[in-house]
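So you can see what is in the structure, the chains are spelled out below.
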Amino acid sequence: MLPAGPHGLAQPTRPWPRPRAGLSFMVGAFLFNAFYNGASQLKGSKMIKVGIVGGTGYTGVELLRLLSQHPQVEIKAITSRKEAGMPVADMYPSLRGHVDLAFVTPDDAKLTECDVVFFATPHGVAMAQARELLAAGVKVIDLAADFRLKNTAEFEQWYGMAHTCPDILEEAVYGLPELNREAIRRARVIGNPGCYPTSVQLGFAPLLKHKLIETTGLIANCASGISGAGRKAEVHTLHAEASDNFKAYGVKGHRHGPEINQQLRAIAGDASVHCLFVPHLLPIIRGIHSTLYARLNSAGQAADLQAVFEDAYRGERFVDVLPAGSAPETRSVRASNTVRIAVHRPLPDTVMVLVVEDNLTKGASGQAVQCMNLMCGLDEHLGLTGVPVLP
């Protein structure tokens, strides 16, 4: 005989005792069974082989941080021509014990043997390699701008190069899951959104979908941490230049402007939508704060805007609509895939939306992993449930 348990029951000799302790015991047994069976299914499922082109920049290392903890991913290759042969952990000690690979040249990476390849590279690299990868059955996720703008003339104007694969651009899907989930599931190629456009679209989308605002005169004042400029050495991102300072840039026009307007027009189904976008540089490392303004039409003035936003993002794990009167902080989303939104009405005919995100996570690499999960038939949240880092 086994000794009695805490409820007077014999200790179980099989995985599950009969539910003799009432409803709470039965519920607990059900949940444990569900967890056990889910874990077993996950363990037995096929690992996704992933390659990363351009692993030395900030979005590259953020991909490595997230994917090294992803239970369904096996990182096969990380490319860098300049750093080939260097262990990844030598460049980024934070990955020591998590990523044991060394950088390799693109020629040695065997990317066509991967299931998914991420491009964390300068603009133009992904479109040069996408055709070969797609022919091999590899899914492509580009964190640069090669597959964002559908108008090739606009792409050439803002990025200073000709688009070399307009046929692939035509089939590419814009990778903002909260607004484009089903198309992402079916996609072979993803144009991962820019960091600023992610915050602007999620902030304006409920208002545009419900036709609550005037479609012209939208304003997006957005500020980003210095990591948004990338890892390259430039004078304006030096500590002595960017620290203890705050400034606007790209005032005459910024390449995220046409992306924002393209997508807002698609959300609204209205080509007249126009948003004035002005970016600013924050003296912090990571984070975006966007303040959005629009004029409410008669329907918008009569609407409960708080309820509109809560309904729009109910069930969205990565979008947190804050209580009325709140003001989100960038530190509340640091190193997470979460966006926090607050909606205000400072005047009867004016709406103001405050949005914060981490520019490297939801604004780049986290969103790319979210897309990968959808494309590969996985739980959308897998590998992305980390709690923001505070302080």
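Owing to the predicted nature of the structure, the values given are computational and were not obtained by experimental measurement. (Residues numbered from 1 in each chain as written. Predicted model: local features only at pLDDT ≥ 70, side-chain atom pairs only at ≥ 80, totals over all residues. Heavy atoms only, no water.)

**Q** When you look at the sheet that holds strand 8 (residues 247–248) in this model, what are you seeing that I'm missing?
**A** Spatially, seven strands are ordered 8-9-7-10-13-12-11 in an open sheet, and the strand pairing comes out mixed. Two strands lie at the open edges of the sheet, namely strand 8 and strand 11 (319–321), each paired on one side alone. (Pairing = 2+ DSSP bridges. Helix = DSSP H or I, 4+ residues; strand = E, 2+ residues; numbered from the N terminus.)

**Q** I would appreciate a short explanation of the sheet that holds strand 3 (residues 116–119) in the present structure.
**A** In a beta sheet, neighbouring strands pair by backbone hydrogen bonds and run either parallel or antiparallel. The sheet built from six strands is open, its strands ordered 2-1-3-4-6-5 with parallel pairing. The open sheet has two free edges, formed respectively by strand 2 (73–79) and strand 5 (173–174), since each of these has just one partner strand. Taken together, the four bridges between strand 1 (residues 48–53) and strand 3 define a ladder with parallel strand orientation. Bridging from a neighbouring strand, Val 53 pairs with Phe 119 of strand 3.

**Q** So what exactly am I meant to see when it comes to the nonpolar core here?
**A** One broad rule of soluble globular proteins: the nonpolar side chains tend to lie buried together. In terms of nonpolar packing, the biggest core is built from 39 residues, with Phe 204, Leu 207, Ile 213, Leu 264, Ile 341, Val 351 and Val 353 touching the most fellow members. It is helix 8 (residues 195–209) that contributes the most residues to this core, eight residues altogether. With sequence-adjacent residues up to four places away left out, Ile 213 is seen in contact with Phe 204, Leu 207, Leu 208, Leu 218, Ala 294, Arg 295, Leu 296, Asn 297 and Val 351. Core analysis: the second largest hydrophobic core is formed by 37 residues, Ile 78, Val 88, Val 116 and Phe 318 among them. (Core = buried A, V, L, I, M, F, W, Y, C linked by side-chain atoms within 4.5 Å. Buried < 20%, exposed > 50% of the residue type's maximum accessible area, 1.4 Å probe, protein only. Contact = heavy atoms within 4.5 Å.)

**Q** Is there a simple way to explain the pairing of strand 4 (residues 139–142) in this structure?
**A** Across a regular strand the side chains alternate sides, sitting on one face of the sheet and then on the other. One ladder, built from four bridges, connects strand 3 with strand 4; its direction is parallel. Among the inter-strand pairings, Val 117 is bridged to a residue of strand 4, identified as Val 140. Considered for its hand, the β-α-β crossover made up of strand 3, helix 4 (residues 125–135) and strand 4 is right-handed. Bridge count between strand 4 and strand 6 (residues 189–191): three bridges; the pairing is parallel. Note on strand 6: the bridge partner recorded for Val 140 is Val 189. (Right-handed = clockwise from strand over helix to strand, strands pointing away.)

**Q** Teacher, can you tell me more about helix 7 (residues 177–186) here?
**A** Along helix 7, the residues classified as buried are Pro 177, Glu 178, Arg 181 and Ile 184. Take helix 7 and look down its axis: the buried residues cluster within an arc of 100°, on one side only. In this structure, the buried side of helix 7 is in contact with strand 5, strand 6, helix 8, strand 11 and helix 13 (361–375). (Arc of directions from axis to C-beta.)

**Q** How should I be thinking about helix 10 (residues 256–268) in this particular structure?
**A** Given 3.6 residues per helical turn, the α-helix brings residues three or four places apart onto the same face. The end-to-end C-alpha distance of helix 10, which contains 13 residues, comes to 18 Å, matching closely the 18 Å that a straight helix rising 1.5 Å per residue would cover. Across the 13 residues of helix 10, eleven count as buried, placing the element largely inside the fold. His 256, Gly 257, Pro 258, Glu 259, Ile 260, Asn 261, Gln 262, Gln 263, Leu 264, Ile 267 and Ala 268 are the residues of helix 10 that are buried. Downstream of helix 10 by a residue or two, Gly 269 has a phi angle that is positive, lying close to 65°. (Expected span 1.5 Å × (residues − 1).)

**Q** Looking at this model, I keep getting lost on unusual backbone geometry. Mind explaining?
**A** Glycine aside, a negative phi is what most residues show, and trans is what most peptide bonds show. Omega for the bond connecting Leu 390 with Pro 391 falls within 30 degrees of zero, at 0°, which places this linkage in the cis form. Structurally, Pro 391 can be placed in the segment after helix 13. One non-glycine residue, Asp 244, adopts positive backbone phi at about 55°. Within the fold, Asp 244 resides in the loop between helix 9 (239–242) and strand 8.

**Q** Even after reading the chapter, I still don't get the environment of Ala 89, so can you show me in this structure?
**A** For Ala 89, the position within the fold is in helix 3 (residues 88–91). Between the C-alpha atoms of Ala 89 and Ala 102, which are 13 residues apart in sequence, the distance is 8.1 Å.

**Q** Would you take a moment to explain the pattern of salt bridges for this structure?
**A** If the charged atoms of two oppositely charged side chains come close together, the side chains can form a pair. One pass over the full model with this rule turns up 17 salt bridges. Of the charged contacts in the structure, one is a salt bridge between Asp 115 and Lys 49, with a shortest N-O distance of 3.7 Å. Placement of the pair is Asp 115 in the loop between helix 3 and strand 3 and Lys 49 in strand 1, with a sequence separation of 66 residues. For Asp 115, a relative accessible area of 21% corresponds to the partly exposed category. Between Arg 185 and Glu 182 there is a salt bridge, and its shortest N-O distance comes to 3.1 Å. Placement of both Arg 185 and Glu 182 in helix 7 is noted, with a separation of three residues, approximately one turn of the helix. The exposure class assigned to Arg 185 is partly exposed, which follows from its relative accessible area of 38%. In this structure, a network of salt bridges that share partners links the residues Glu 62, Arg 65, Arg 286 and Asp 358. (Salt bridge = Lys/Arg side-chain N within 4 Å of Asp/Glu carboxyl O.)

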